[in-house]
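One-letter residues, chain by chain:
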Amino acid sequence: MDFSLSEEQQMLEDSVAKYLSNDYDFDTRQRYSGSPKGYSDEVWKQFAELGWTAVPFSEADGGFGYGPVEIMLMMRLFGRGLVVEPYLANVVLAGGALRRSGSDAQKAEWLGGLIAGETQAALAHIEPQSRYELDNVASTAVADDQGYLLSGHKAVVLNGGNADLLIVSARTSGGQNDADGISLFLVPGDADGLTVRRYATVDGQQAAEIEFDNLRVAADACLGEPGQALPVIRSVFDEATLAVCAEAVGIMQVMTEKTVEYSKSRVQFGVPIGSFQALQHRMVDMLTACEQSYSLLLWATMLAADGQEGTAHAISSLKYQIGTAGKKVGQEAVQIHGGMGVTWELDIAHYFKRLTAIGQLFGNADFHLDRLAV
Amino acid sequence: MNLTFSQEELEFRDQIRRVFENEFPDDIRVQRDSGVTISPDDQVRFQKWLFERGWSAVNWPKEYGGTGWTPVQKYLFMQELAEVNAPDIVPFGLSMVGPVIYTFGNDDQKQRFLPDILESNVWWCQGYSEPGSGSDLASLKTRADLDGDHYVVNGTKTWTTLAQHADWIFCLVRTNSDVARRQEGISFVLVDMNSPGVSVKPIITIEGEHEVNEVHFEDVRVPVTNLVGEEGKGWTYGKVLLQHERTNIAAVHHSKFRLRRLREQAERSVRGATPLVQNPSFMRKLAAVEVELKALEFTELRTLAAVSAGKAPGPESSILKFVGTEIQQAIDELYVDAAGYYALPFVPEQYAPDFARDERIGEGNETRASSRYFNFRKASIYGGSNEIQKNIVAKHVLGL
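Keep in mind that this is a model prediction, so the values were computed, not measured.

A. Here's a closer look at the interface of chain B and chain A. Counting from both sides, the interface comprises 35 residues of chain B and, opposite them, 39 residues of chain A. Here chain B meets chain A over a buried area of about 3400 Å², counting both sides, of which 68% is carbon and sulfur. Among the ionic pairs, B:Lys390 bridges to A:Asp285, the shortest N-O distance being 2.7 Å. Going through the elements one at a time, helix 9 (280–308), helix 10 (320–339) and helix 12 (386–396) of chain B are the ones with two or more residues in the side of chain B that touches chain A. In terms of residue count, helix 9 of chain B provides more of the side of chain B that touches chain A than any other element does, 14 residues in total.

Have a look at this one:
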């Protein structure tokens, strides 16, 4: 039983922490968030130069061969820094599908650019009707002698508006909820027949609604075994769930710290509001929520890193905890900041919104509790 | 980062487990499984069984007859203890006064008291709380006035758990009232319960059992040789005692055992009824408590890892008590939920070991659920109420 970091892990964490503290303050983040792409290309290039985009890819694929622990370390700090650069969409989601299922040729074509920070990618799996059911896919891929014709609608595709590469799921066979028959396809972002409606999300990031009707792709655009993509998608979503939970823990920790600090300086009735017991106990509850969430994060991440049985159960436990504890910490931080907590000006409001968005991603608290309650 | 215990630690655990499986007294196991109240004689027999294996003083260093175990070994031992549903070790001698005596007592006191504590020959109880001082312990009023080579003790201690079986009591008493801070002038003394002037009056708690007492002291003469450490330093010693109480304070192992048993209960169909496991509302509540407990398990392991590495535990250690007791109480509520109508019968005599089994009420232990639920409302009140714990965290961890 050991919770300490290896030398390499410590160096990685230090490098992220140093960059964020030197070059990524809240005002800068707001500027990137408000720019047309919703993030900074220049910052993304720096992420690549620092090696961060290479973290989970194998050495053969040009990466470092790291795993869930390293992703967790980075994402927790990205949470603290409220980073808008699309690490989750590129590296964890699209990159996760590509590295698990890509043929040598497919990886050669796309992974280099992704790791170099030159190619933007997105995983387009969720649909308007699917909510959190990963097997619910209505989009279709009809095979013919030239390849496939794709038709369907993909919902709230993270980073979808910026993507040079879309990894799109569609049914090559089976009914809407069948486990078998789901396939993944590599689709260039500028392919004819794609309708991409880009929009901002409440957390200062970007997503898109993506529709396609008889979109032509070649036979070699299929990623992995046709019809057998669901286990890969589940595994990618599990890893993405861990990643956003790590991000959420970072956010919860920083919100708690900022709230405690604020309560020491904000004076009402002639005393700092932090001297009121009603508020003290609520801040202790915030600390408790952070510590308990961090404990589950370590448990689930280490299980996933070891590939141990029970990982899916652990991830649902963690996501349920993040959903409930994150809501509590976010709401309390806003409440204790008073009127300022509900202004656009204050970072607390933006942390709260990102935490709320994470609560909705990859299964909300109810969804994961139902999975545990059997 | 590594989730598993080392090979040596696992071997240690297996060794303990084998002994529990093969040698644990069968009749005590049966009593525990059927939910009857363990008699004081059986309690002592169980603790002597631990002593014979060198396991009675889990926290003590080897030189005083303790196990000398590492924090991880202690953790694994407590886990195995919970897994066989063993009785709790009565803490007052082995976990509380013992460490105070070997840390602050003189050689004579160590020789007089420690062997009998180790062997559970002497039953101790704790004289801290008073009728007027609950969570505000420093307001205690029991006085010990020096008269030659004796203190004369007058006052009342309350909530004294199992004092009706006790041979000795350790007390915080005021030896000096003329002090700048109330925490000064308090001393730690050991009192023979057979001394003239000591009387014990039962307090019947909410569920109808006799567990706690008031202990009255009327001109009780206590030899000054029973003062532990220096006069007026009792508050400091008392705090050290509370630190020793930390091991297992969250009761994670016990809660894990109880949740697992509750799940098994929920899966059983009673007389053809739909098992509770198919009730989504109940199962969601159960699952939510399981998540909270898993988090606490790893919060405790983080503390353990820090202590094992020779570091001071982080803020996570400060939440163990109040989260642990909240979880215990949440589990109690689930048991009451699960008991349905059988939460109603109030028949305390059926928990005596000699009560005829075929006259007991209910299918299983369901009728125990409400008595435990009522009794364990104490958990968030004793040892410094959970509100006091939060005050402490606010002050010492958050700096408020």
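B. Quick look at the packing of helix 5 (residues 87–101) of chain A against helix 7 (residues 230–265) of chain A. Residues and elements named next belong to chain A. Their axes nearest at 9 Å, the elements helix 5 and helix 7 cross at an angle of 150°. Classified by the angle their axes make, helix 5 and helix 7 are roughly antiparallel. The chirality of how helix 5 crosses helix 7 is right-handed. Along its contact with helix 5, which presents Leu88, Val92, Leu93, Gly96, Ala97, Arg99, Arg100 and Ser101, the element helix 7 presents Val232, Ser235, Val236, Glu239, Ala240, Ala243 and Val244.

C. The arrangement of helix 9 (residues 311–336) of chain A in detail. All names here are of chain A. Here helix 9 spans 36 Å end to end across 26 residues, near enough to the 38 Å set by a 1.5 Å rise per residue. Across the 26 residues of helix 9, 19 count as buried, placing the element largely inside the fold. In the stretch just after helix 9, Gly338 is the one whose phi turns positive, near 65°.

D. Just the environment of B:Gln164, in detail. Residue and element names in this part refer to chain B. Mapped onto the elements of the fold, Gln164 is located in the loop between strand 3 (150–157) and strand 4 (168–174). The class of Gln164 is partly exposed, set by a relative accessible area of 28%. Beyond its immediate stretch of four places on either side in the chain, Gln164 contacts Val200, His210, Glu211 and Asn213. A distance of 3.1 Å separates a polar atom in the side chain of Gln164 from the backbone oxygen of His210. Among the polar contacts made by the side chain of Gln164, one reaches the side chain of Asn213 at a distance of 2.8 Å.

E. Structural detail: the state of the cysteines. Taken as a whole, this structure holds 0 disulfides over all chains when the rule is applied. Free of any disulfide, B:Cys171 has its nearest neighbouring cysteine sulfur in B:Cys125, separated by 7.4 Å.

F. Summary view of the packing of aromatic side chains. Residues and elements named next belong to chain B. Counted according to the given criterion, the structure contains 36 aromatic pairs over all chains. Ring pairing ties together the aromatic residues Phe12, Phe20, Phe24, Phe46, Trp49, Trp55, Trp69 and Phe77, which thus form one cluster. Its end group placed over the ring of Tyr351, Arg368 keeps NZ or CZ at 4.0 Å from the ring centre. When the ring centre of Phe322 is taken as origin, the NZ or CZ atom of Lys390, which lies over that ring, is 5.3 Å away.

G. The arrangement of helix 10 (residues 347–360) of chain A in detail. All names here are of chain A. Over its 14 residues, helix 10 extends 20 Å from the first C-alpha to the last, a length consistent with the 20 Å expected when each residue adds 1.5 Å. Of all 14 residues in helix 10, 10 are buried; the element is thus mostly enclosed. Against helix 2 (26–34), helix 4 (68–81), helix 7 and helix 9 lie the buried residues of helix 10.

H. The arrangement of unusual backbone geometry in detail. With a phi angle near 45°, A:Arg131 is a residue other than glycine that sits in the positive phi range. Here A:Arg131 shows up in the loop between strand 1 (121–124) and strand 2 (140–144). Among the residues examined, A:Arg131 registers a relative accessible area of 60% and is labelled exposed. A positive phi angle, near 55°, is found at B:Ala251, a position not held by glycine. With respect to the helices and strands, the residue B:Ala251 is situated in the loop between helix 7 (234–244) and helix 8 (252–267).

I. Looking closely at the pattern of salt bridges. Residue and element names in this part refer to chain A. Taken as a whole, this structure holds 40 salt bridges over all chains when the rule is applied. Here Glu239 ties to Arg99 by a salt bridge, and the two come within 2.4 Å at their closest N and O atoms. Remark: Arg99 occurs in helix 5 and Glu239 occurs in helix 7; sequence separation between them is 140 residues. Given a relative accessible area of 17%, Glu239 falls into the buried group.

J. Looking closely at the nonpolar core. A:Phe78, A:Tyr87, A:Ile167, B:Phe77, B:Phe170, B:Phe188 and B:Leu190 are the most contacted members of the largest nonpolar core, which totals 207 residues. For this core, the element with the highest residue contribution is helix 7 of chain A, accounting for 18 residues. Residues within four places of B:Phe77 in sequence aside, it is in contact with B:Phe12, B:Ile16, B:Phe20, B:Leu50, B:Trp55, B:Val58 and B:Trp69. The next biggest cluster of nonpolar side chains, apart from the first, holds 21 residues, and it includes A:Leu166, A:Ala170, A:Ile210 and A:Val217.

K. Looking closely at empty space enclosed by the protein. In total, this model carries 2 cavities of 30 Å³ or more according to the counting rule given. In this structure, the largest cavity occupies an estimated 120 Å³ of space. Along the walls of the largest cavity sit B:Val44, B:Gln47, B:Val90, B:Gly93, B:Leu94, B:Ile117, B:Ser120, B:Val122, B:Trp123 and B:Trp124, which together make up its complete lining. For the lining of the largest cavity, the elements supplying multiple residues, two or more each, are helix 3 (40–52) and helix 5 (91–104) of chain B. Counted by class, the lining of the largest cavity contains 7 nonpolar, 3 polar and no charged residues. Looking at the second largest cavity, its volume works out to about 40 Å³. Along its surface, the second largest cavity is lined by A:Pro68, A:Ile71, A:Met72, A:Glu239, A:Leu242, A:Ala243 and A:Thr301. Those elements that provide at least two residues to the lining of the second largest cavity are helix 4 and helix 7 of chain A. Among the residues making up the lining of the second largest cavity, the classes are represented as 5 nonpolar, 1 polar and 1 charged. Domain assignment of the residues forming the lining of the second largest cavity places at least three in each of domain 1 (7–119) and domain 3 (231–372) of chain A.

The rules behind these values
- Residues numbered from 1 in each chain as written.
- Chains lettered and ligands numbered in written order.
- Predicted model: local features only at pLDDT ≥ 70, side-chain atom pairs only at ≥ 80, totals over all residues.
- Heavy atoms only, no water.
- Contact = heavy atoms within 4.5 Å.
- Buried area = accessible area lost by both parts, 1.4 Å probe.
- Salt bridge = Lys/Arg side-chain N within 4 Å of Asp/Glu carboxyl O.
- Helix = DSSP H or I, 4+ residues; strand = E, 2+ residues; numbered from the N terminus.
- Axes fitted to C-alpha atoms, helices over the stretch in contact; angles between N-to-C directions.
- Parallel < 35°, antiparallel > 145°, perpendicular 65-115°, else oblique.
- Left-handed = near helix turned anticlockwise from the far one by under 90°.
- Expected span 1.5 Å × (residues − 1).
- Buried < 20%, exposed > 50% of the residue type's maximum accessible area, 1.4 Å probe, protein only.
- Polar contact = N/O pair within 3.5 Å; in protein donor to acceptor, adjacent residues only side chain to side chain.
- Disulfide = S-S within 2.5 Å.
- Phe/Tyr/Trp six-rings, centres within 6.5 Å; stacked < 30°, edge-to-face > 60°.
- Lys NZ or Arg CZ within 6 Å of the ring centre and 35° of its normal.
- Core = buried A, V, L, I, M, F, W, Y, C linked by side-chain atoms within 4.5 Å.
- 1 Å grid on protein atoms, 1.4 Å probe; cavity = no way out; pocket = protein on both sides within 12 Å on 5 of 7 lines; lining within 4 Å.
- Points joined across faces, edges and corners; volume = space filled by probe spheres on them.
- Nonpolar A, V, L, I, M, F, W, Y, C, P; charged D, E, K, R; others polar.
- Domains from an automatic or database assignment.

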